[in-house]
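Structural features, examined
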Amino acid sequence: MSLLTAPPRLPLIAPSVLAADFAAMGADCRSAIDAGADLLHLDVMDGHFVPNLTMGPDLCRALRRTLPEAYLDVHLMITDPASYVEPFAKAGANMLTFHVEVVAPERIAPLAKAIRALGVDAGLAINPPTPVERILPHVADVDLVLVMSVNPGFGGQAFIAETLEKTRAIRPLLRPSQRLEMDGGIGPSNARAVREAGCDVIVAGSSFFGVAPGQRSAVVASLRG
Ligand code: DX5
Ligand code: ZN
């Protein structure tokens, strides 16, 4: 059973490795796990869906090799997620989250099914400008819903508080085994609002990796509440 469906405790904390030291990725990710993080969040960007380039299946594979027990939460900010499901599944991803903005409505459930057929959890993400109504009909088809609280593309942006309305709208629709994740601009100062809006997976990039390794367990504790 997946960490998502049988979480040891909620909320789960997911440091975004986009904010880690790329020249010390293995050590930084190990420090995140040692600090009590539950998932490692990998932000995959294609320079097309978002104006940035970040990481691909090779980094996922390298982290899988060096951290065999880690849950790798892969966030696909790419125009063509279907083409990358198999490469990331083979590279050891535990979850593949694709965006509602880039997949035709009738293709969302089949893509989620294809992901799950490879033994990987399926997530569906929504950007701040996209109306929540776009995602509501598909919530039942995935393991996790990801509400973006910044416009995707870069770490270290300011939290957009209006996006909490989306999490409040989605929360009542979820089964107990489904998770609700929020991503972007989250730190100890606003994590409580995120939890109270119903999120049970919290992504933290700069607020986590921006502090010294010895202080990261305190960040995890304060995000968890
Ligand atoms: C934004 C990414 C986020 C981001 C989070 O495009 O999806 O995961 O790296 O970083 P912070 O916490 O710094 O906003
Ligand atoms: Zn992300």
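Read on for an overview of the structure. In this convention, every chain numbers its residues from 1, walking through the sequence in written order. Ligands are numbered from 1 and chains lettered from A, in the order in which they are written. In keeping with the model being predicted, local features are shown solely for residues with a pLDDT of at least 70 and side-chain atom pairs are shown and tallied solely at 80 or more, while totals for entire chains, interfaces and linings include all residues. The basis for every side-chain value is the complete set of non-hydrogen atoms in the structure, without hydrogens or water.

1. With respect to the coordination of the zinc ion (ligand 2)
Those donors, His41 (NE2), Asp43 (OD), His75 (ND1) and Asp183 (OD), are the protein atoms that reach the zinc ion (ligand 2), and they lie 2.0 to 2.3 Å from it. Distances decide who is a donor: an N, O or S atom must be within 2.8 Å of the metal, or within 3.2 Å for Na, K and Ca. Water is not included, so sites may look incomplete. All geometry calls rest on donor angles, where a four-donor set with angles between 85 and 135 degrees is tetrahedral, four- and six-donor sets with opposite donors more than 155 degrees apart and all others between 65 and 115 are square planar and octahedral, and all else is irregular. Taken together, the 6 donor atoms coordinating the zinc ion (ligand 2) and their angles of 67 to 167° define a geometry best described as octahedral. The sequence pattern describing where the donors of the zinc ion (ligand 2) fall on their chain is H-x1-D-x31-H-x107-D. Working definition: with a 1.4 Å probe on protein chains only, accessible area under 20% of the residue-type maximum means buried, over 50% means exposed, and in between means partly exposed. By relative accessible area, histidine 41 is classed as buried at 0%.

2. As for the nonpolar core
Note on terminology: a nonpolar core comprises buried Ala, Val, Leu, Ile, Met, Phe, Trp, Tyr and Cys residues joined through side-chain atoms within 4.5 Å. Formed by 60 residues in total, the largest nonpolar core has its most connected members in Leu40, Leu42, Val74, Leu96, Val145 and Ile170. Working definition: helices are DSSP H or I runs of at least four residues, strands are E runs of at least two. Numbering for both runs from the N terminus. With 4 residues, helix H4 (residues 105–117) is the single largest residue contributor to this core. Once you skip the residues sitting within four places of it in the chain, valine 145 turns out to touch Leu124, Ile135, Val139, Ile170, Leu174, Arg179, Leu180 and Glu181. Ranked by size, the runner-up nonpolar core spans 13 residues in total, among them Leu4, Leu39, Leu146 and Val201. Whether two residues are in contact is decided by their heavy atoms, any of which lying within 4.5 Å being enough.

3. What to know about the site of ligand 1
Neighbouring ligand 1 are 20 residues, the closest being Asp43, Asp183, Gly185, Gly205 and Ser206. Pairing of N or O atoms within 3.5 Å defines a polar contact, subject to two protein rules: one partner must be a possible hydrogen donor and the other a possible acceptor, and residues neighboring in sequence count only if both atoms are side-chain atoms. Within the side chain of aspartate 43, a nitrogen or oxygen atom sits 2.6 Å from an oxygen atom of ligand 1. In this structure, an oxygen atom belonging to ligand 1 sits 3.4 Å away from a side-chain N or O atom of histidine 75. Reported accessibility uses the Shrake-Rupley method at a 1.4 Å probe radius. Residues are deemed covered only where the shown protein chains occlude them. Alone, ligand 1 offers 380 Å² of accessible surface; in the complex the protein occludes 99% of this. Contributions of two or more residues to the shell around ligand 1 are made by strand S2 (39–45), strand S3 (71–77) and strand S8 (201–204). Note that Gly is not counted as nonpolar here; it falls among the polar residues with everything else outside the nonpolar set of Ala, Val, Leu, Ile, Met, Phe, Trp, Tyr, Cys and Pro and the charged set of Asp, Glu, Lys and Arg. Classifying every residue of the shell around ligand 1 by side-chain character gives 8 nonpolar, 10 polar and 2 charged. Proximity is defined per residue: any heavy atom of the residue falling within 4 Å of a molecule or strand makes that residue near it.

4. A few points about the packing of aromatic side chains
Here the aromatic set is Phe, Tyr and Trp, taking the six-membered ring for Trp, and pairing holds for ring centres within 6.5 Å; pairs whose planes are under 30 degrees apart are stacked, those over 60 apart are edge-to-face, and all others are tilted. Taken as a whole and assessed by the stated rule, the structure comprises 1 aromatic pair. Taking 4.9 Å as the distance between ring centres and 85° as the angle between the ring planes, the aromatic pair formed by phenylalanine 208 and phenylalanine 209 counts as edge-to-face. On the basis of relative accessible area, phenylalanine 208 is assigned to the buried category, the value being 0%.

5. Brief notes about the sheet that holds strand S6 (residues 144–148)
The sheet built from 8 strands is open, its strands ordered S1-S8-S7-S6-S5-S4-S3-S2 with parallel pairing. Taken across any chain shown, the strands that pair with only one partner, and hence form the sheet edges, are strand S1 (12–15) and S2. Strand-to-strand, the axes of this sheet are offset by a mean angle of 25°, without reference to chain direction. When DSSP finds at least two bridges between two strands, those strands are taken to pair. In terms of strand pairing, S3 meets strand S4 (residues 95–99) through 3 bridges, oriented parallel. Across the sheet, the residue bridging to aspartate 73 is methionine 95, located in S4. Under this scheme, a helix contributes an axis fitted over its contacting stretch, all axes are lines through C-alpha atoms, and angles between N-to-C directions fall in the 0 to 180 degree range. Here helix H2 (residues 57–66) sits on the sheet in contact with S2 and S3, set at roughly 170° to S3. Contacting S1 and S8, helix H8 (residues 216–224) crosses the sheet at an angle of about 135° to S1.

6. Some remarks on the pattern of salt bridges
Salt bridges are defined by distance alone: a side-chain nitrogen of Lys or Arg within 4 Å of a carboxyl oxygen of Asp or Glu. By the definition in use, this model includes 9 salt bridges. Across the pair aspartate 200 and arginine 179 runs a salt bridge whose closest N-O atoms are separated by 3.1 Å. One end of the pair, aspartate 200, is in the loop between helix H6 (191–196) and S8; the other, arginine 179, is in strand S7 (residues 179–183), and 21 residues separate them in sequence. We note that aspartate 200, like arginine 179, is buried. Notably, a salt bridge pairs glutamate 196 with arginine 192, separated by 2.9 Å at the nearest N-O pair. Here arginine 192 and glutamate 196 lie together in helix H6, a separation of 4 residues that amounts to about one turn. Residue class for glutamate 196 comes out exposed when judged on its relative accessible area of 59%. Here arginine 192 falls in the exposed class, since its relative accessible area comes to 55%.

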